[in-house]
Structure formats: C-alpha cells, structure tokens
Amino acid sequence: MLNNQDFTHNRTSFLGGSDIGAILGVSKYRSAMDVWLEKTGKRVDHKDSFALRFGSFAESFIADEYALLTGEHVVEYPQGLIHPKYSFCVGHIDRFVLEKKELPLFHSDGGLNAKKLLECKTANQYSQSDWGEPGTDEIPLPYLCQCLWYLGITNLSEIDVAVLLGGSDLRVYTITRDIELESLIFEKAAFFRTEHAQKDIPPKPQSMTDCQA
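Keep in mind that this is a model prediction, so the values were computed, not measured. (Residues numbered from 1 in each chain as written. Predicted model: local features only at pLDDT ≥ 70, side-chain atom pairs only at ≥ 80, totals over all residues. Heavy atoms only, no water.)

Visitor: Mind showing me how you'd approach the confidence of the model for the protein chain here?
Guide: Should pLDDT be low for a region, the predicted coordinates there are not to be read in detail. For the protein chain, per-residue confidence averages 90 on the pLDDT scale, and residues scoring 70 or more make up 92% of the total. Contacts of residues 4-9 to residues separated by more than four positions or lying in other chains number eight contacts, the stretch itself having pLDDT below 50. (pLDDT = per-residue confidence, 0-100. Contact = heavy atoms within 4.5 Å.)

Visitor: Just to check I follow, could you spell out the pairing of strand E8 (residues 169-176) for this structure?
Guide: Along any regular strand the residues' side chains alternate between the sheet's two faces. With eight bridges joining them, strand E7 (residues 158-165) and E8 adopt antiparallel strand pairing. In the strand pairing of E8, Ala162 is matched with Val172. (Pairing = 2+ DSSP bridges. Helix = DSSP H or I, 4+ residues; strand = E, 2+ residues; numbered from the N terminus.)

Visitor: For this particular structure, what's the right way to read the sheet that holds strand E5 (residues 95-98)?
Guide: Each strand in a sheet pairs with another by means of backbone hydrogen bonds, the pair being arranged parallel or else antiparallel. Judged by pairing direction, the sheet is mixed, and its five strands sit side by side in the order E2-E5-E6-E7-E8 without closing on themselves. Of all strands in the sheet, those bounded by a partner on one side alone are strand E2 (73-75) and E8. Going from strand to strand, the sheet's axes swing by 30 degrees on average, the running direction of each strand aside. Here E2 pairs with E5 via three bridges, running antiparallel. Bridge pairing in E5 places His73 opposite Leu98. Against the sheet, helix H3 (residues 50-70) makes contact with E2, E5, strand E6 (116-123), E7 and E8, and its axis sits at roughly 125 degrees relative to E6, the strand it touches most. The strands touched by helix H4 (residues 141-154) are E5, E6, E7 and E8; relative to E6, the strand with the most contacts, the crossing angle is about 155 degrees. (Axes fitted to C-alpha atoms, helices over the stretch in contact; angles between N-to-C directions.)

Visitor: How do you make sense of H4 when you look at a structure like this?
Guide: The periodicity of an α-helix, 3.6 residues per turn, causes residues three or four places apart in sequence to face the same way. For H4, built from 14 residues, the straight-helix expectation of 20 Å at 1.5 Å per residue is met to within 8% by its first-to-last C-alpha distance of 20 Å. Along H4, 11 of the 14 residues are buried, which leaves the element largely enclosed by surrounding structure. For H4, every residue scored as buried is listed here: Leu144, Cys145, Gln146, Cys147, Leu148, Trp149, Tyr150, Leu151, Gly152, Ile153 and Thr154. (Expected span 1.5 Å × (residues − 1). Buried < 20%, exposed > 50% of the residue type's maximum accessible area, 1.4 Å probe, protein only.)

Visitor: Explanation requested: the nonpolar core in the structure shown.
Guide: Proteins that are soluble and globular tend to have nonpolar side chains buried together. In terms of nonpolar packing, the biggest core is built from 45 residues, with Phe96 and Trp149 touching the most fellow members. When contributions to this core are tallied by element, the ones reaching two or more residues are helix H1 (17-23), helix H2 (32-39), E5, E6, H4, E7, E8 and helix H5 (179-197). With eight residues, H4 is the single largest residue contributor to this core. With sequence-adjacent residues up to four places away left out, Trp149 is seen in contact with Leu15, Gly16, Gly17, Ile20, Cys89, Val90, Gly91, Ile185, Phe186 and Ala189. In this structure, Ala58, Ile62, Ala162 and Val172 belong to the second largest nonpolar core, which totals 10 residues. (Core = buried A, V, L, I, M, F, W, Y, C linked by side-chain atoms within 4.5 Å.)

Visitor: I tried to follow the packing of aromatic side chains on my own but got confused; where do I start?
Guide: Each aromatic ring pair is described using two quantities: the centre-to-centre distance and the angle formed by the ring planes. In total, this model carries six aromatic pairs according to the counting rule given. Ring centres 5.8 Å apart and planes at 5 degrees place the aromatic pair Tyr86 and Phe186 in the stacked group. Residue Tyr86 is found in the loop between strand E3 (81-82) and strand E4 (89-91), and its partner Phe186 is found in helix H5; the two are separated by 100 residues along the sequence. Neither residue differs from the other here; Tyr86 and Phe186 are each classed as buried. Three or more aromatic residues link up through ring pairs in this structure, and these residues are Tyr86, Phe88, Trp149 and Phe186. (Phe/Tyr/Trp six-rings, centres within 6.5 Å; stacked < 30°, edge-to-face > 60°.)

Visitor: Before we go on, may I ask you to explain the pattern of salt bridges in this structure?
Guide: Any two side chains of opposite charge can pair, so long as their charged atoms come close to each other. Scanning the entire structure with this criterion turns up 16 salt bridges. The network of salt bridges with common partners includes Glu72, Lys115, Lys116, Glu158 and Asp160. (Salt bridge = Lys/Arg side-chain N within 4 Å of Asp/Glu carboxyl O.)

Following this line, the structure appears as structure tokens:
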C-alpha cells in the first residue's frame, strides 16, 4: 500500500481522491474532460487560488480542533498511499486517527494501525446548505466519493470529515465504508484510465466549456 514515489511530480500516471468526483461527473468545479486534459499532458494546471491556499493553511488548525473536540489522537503522514489492487489509484490522507497516541502508525507487517481517517475541509457560509446535520454522512457528493476512495485505499471502515464553515463553525461528519459503491468508483476510475487517458480518447463533454476544450 505504501509507495515512495513523488506523486506530485508524476500526476499524469496516477488518479487521486480529488480527481474521482470530476471523473464521475459530480464536481461543480472540474469535469472528466479537465482530468483527461491533465492526465494526457494537454493542460498543466498550476492550481493556486485564495480558497486553495486557505484550505491548505487551515488543515492543521482543523485537525487540532477536531482532536480537541473529539478527544481523538491524530497523526499526519504526508506520503501517498496506493490501492492494493489498482496501483494507479493514489490517496494523500489528511490525518490518521489512532487508538492511542503512542502507537505507531504502521504495524510491523506494513498494515495501518489507525482506527479511522480524518479529512479536513473548509467551506464558505454560502455552501452551508450542501452539508447536513453534524454527525451524519450528509456531505457534498464529491467529498463522499473522495472519502470512499481513501477508505478503499487504506482498507479502513470509517472516515471523519471535519469542515470549518464560514471560518467559525466546525462540524464533524462520519462516513462508513460502502463496499458496493466503493467498487463501482474504482471500476469507473479504471475505465477512465484505460479507455480515455491511456488511449488518448476524450470523455464525453459535460458542459459547453468541455466542448471548447
């Protein structure tokens, strides 16, 4: 499951958790066409915006606040992990949640010692309606797909999503592993890679912007 490759410099060879929502057509901000253009090297996106920079900056704060709120022990592991079956599927997990703080993240056989995962998000006050009641699994669909992606890669059964809404409202949601839906997600990812990225055949356009790509 572990891999020491630098995925950030070899993005065209891998699909990540932030790609799957676009591939499935459930993202507001990216389409399968966008992912195809990136993975085939036809477009090099240097993603940089205030929202992205703030999300990256706030990640540690959200993780710390989650730990204070829940009493959980979290640990950061910035290296990428790969799916045991689909070697092109990569996950960069925000935090791992341990049973006890002093436990190592990995067992001697390389398996994870974490009991669940933590994904940290930020959202503005105008997107509050996209989120359900705290404690439920009612989160935006792209994030749900991303969470199932990470659970499939790590073989863990649960992931918490801590979101900071409007800069002042911290909420925690819990996603439980759904094997059937997870399998479908990875099958769709494999199809996209073999039938579109590797064959250099664009996916069907999903918008006028895609038609102009």
